[in-house]
Number of protein chains: 2
Amino acid sequence: MSSADDNSAVAREVWQLMSDLVLDNQRRRKVTEVTGMSFGRTRAVRRVAKRSMQMGELADLLGMERPNLTTLINDLEEKGLVIRKADPRDRRSRLVEATAKGKRVARKAEAILKEPPDRLVGLDVEDLETLRRCLAEASAPGGSE
Amino acid sequence: MSSADDNSAVAREVWQLMSDLVLDNQRRRKVTEVTGMSFGRTRAVRRVAKRSMQMGELADLLGMERPNLTTLINDLEEKGLVIRKADPRDRRSRLVEATAKGKRVARKAEAILKEPPDRLVGLDVEDLETLRRCLAEASAPGGSE
DNA sequence: TCAATTACTTACGTTTCTATAACTATTATA
DNA sequence: TATAATAGTTATAGAAACGTAAGTAATTGA
């Protein structure tokens, strides 16, 4: 029996446990409740709040078609959460930027999403440190979501 | 400085790392692609494939209103993925059961969702064991998702 | 037994998500 | 400069996700 097989088996268990912990839909529900809009809309606002970007880049990050993003951003702009600005480098493209209001909404969402479950906080500090070390090692440099 | 504060800070980091790892939208996308239906529909099939249950219980698990579940299950029934059966205990309620076809679809989805990312599999066995131990400790007895 | 409750469905309307085709404006290139 | 490629928008249209009100059938319990 190879060590790779051992890894795989344990990794599957770990993955299952992690997924169960993270994929708690109450969290999504809470976010839509607090922000007063869909999770997808909130996701866009959060992205833009971190950094202004072109429509195309944002569409790619959110994994949606450009025409659909146009509609979404129209909506967010009407709500006063983002604005489109001219891109000085390329007049074809538009830069999407979060307004102060948009950033507030993004912060509210992040606050909910970043709050770890009680059960995680309740672990021993040593265990948490170990978790952090291992997960940091397992994490891609680019991050996701 | 209390130990609780230390825990909280590290826990937040751990949580962030875990969330990034789990919330990879490519996975969702792949599931809808393979199953040929929305993630929500697939979620329902997966639930029922594990265990037959009443409409109400399923609606609660999926976090949706009963009328909406009725529509969803109608759709899945037309697709031949589930069937409604009489509940011998209570003739008001219906038991939703996955068909063989439904179970196949559920298996396909699970196969994608249960596959841990390469970066996790690549960790040392000792680290994986530690992760498992910690996460098992942090997991609720009831599970979620 | 009969009123209240429960489990589910029907009917309806709104929002959100999704994809595609055709269009304008701008930039890059041959 | 003419042509192609790019960035975004408009226009459609269908599927999916939500919520509420009102209805049926079965059960509970006073």
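Below, the structure is looked at part by part. (Residues numbered from 1 in each chain as written. Chains lettered and ligands numbered in written order. Predicted model: local features only at pLDDT ≥ 70, side-chain atom pairs only at ≥ 80, totals over all residues. Heavy atoms only, no water.)

A word on the protein's contact with DNA strand C
In step 1: Residues in contact with DNA strand C amount to 19 residues; listed here are only the nearest, Arg 41 and Arg 92 of chain A together with Gly 56, Thr 70 and Arg 84 of chain B.
In step 2: The contact atoms of DNA strand C, taken as those within 4 Å of the protein, divide so that sugar and phosphate hold 59%.
In step 3: Backbone polar atom of Met 55 of chain B to a phosphate oxygen of DNA strand C: 3.0 Å apart, as the coordinates give it.
In step 4: The contact in question runs from a phosphate oxygen of DNA strand C to an N or O atom on the side chain of Thr 70 of chain B, over 2.7 Å.
In step 5: Elements with a contribution of two residues or more to the surface near DNA strand C: α3 (39-50) and α5 (66-78) of chain A together with α4 (55-62) and α5 (66-78) of chain B.
In step 6: Of the residues contributing to the surface near DNA strand C, the split by class is three nonpolar, seven polar and nine charged. (Near = heavy atom within 4 Å. Polar contact = N/O pair within 3.5 Å; in protein donor to acceptor, adjacent residues only side chain to side chain. Helix = DSSP H or I, 4+ residues; strand = E, 2+ residues; numbered from the N terminus. Nonpolar A, V, L, I, M, F, W, Y, C, P; charged D, E, K, R; others polar.)

What about the sheet that holds strand β1 (residues 53-54) of chain B?
Residue and element names in this part refer to chain B.
In step 1: Judged by pairing direction, the sheet is antiparallel, and its three strands sit side by side in the order β1-β3-β2 without closing on themselves. Looking along the sheet, the strands with just one partner apiece sit at the ends: β1 and β2 (82-86).
In step 2: As defined by bridge partners, β1 adjoins strand β3 (residues 94-98) across two bridges and the pair is classed as antiparallel. Paired with Met 53 across the two strands is Val 96, which belongs to β3.
In step 3: The sheet contacts of helix α3 (residues 39-50) involve β1, β2 and β3, and relative to β3 the element is tilted by about 100°.
In step 4: Lying on the sheet, α5 is in contact with β2 and β3; it crosses β2 at an angle near 115°. (Pairing = 2+ DSSP bridges. Contact = heavy atoms within 4.5 Å. Axes fitted to C-alpha atoms, helices over the stretch in contact; angles between N-to-C directions.)

Some details on the relation of the copies chain B and chain A
In step 1: Rotating chain B by 180° about the axis while translating it 0.1 Å along that axis superimposes it on chain A, leaving an RMSD of 0.2 Å. Taken together, these values place the two copies in the relation of a two-fold axis.
In step 2: Of the residues that chain B buries at the interface, 100% are likewise interface residues in chain A, meaning the two copies contact each other through the same surface. (Least-squares fit on C-alpha atoms with pLDDT ≥ 70 in both.)

So yeah, pure geometry; function would need other evidence.
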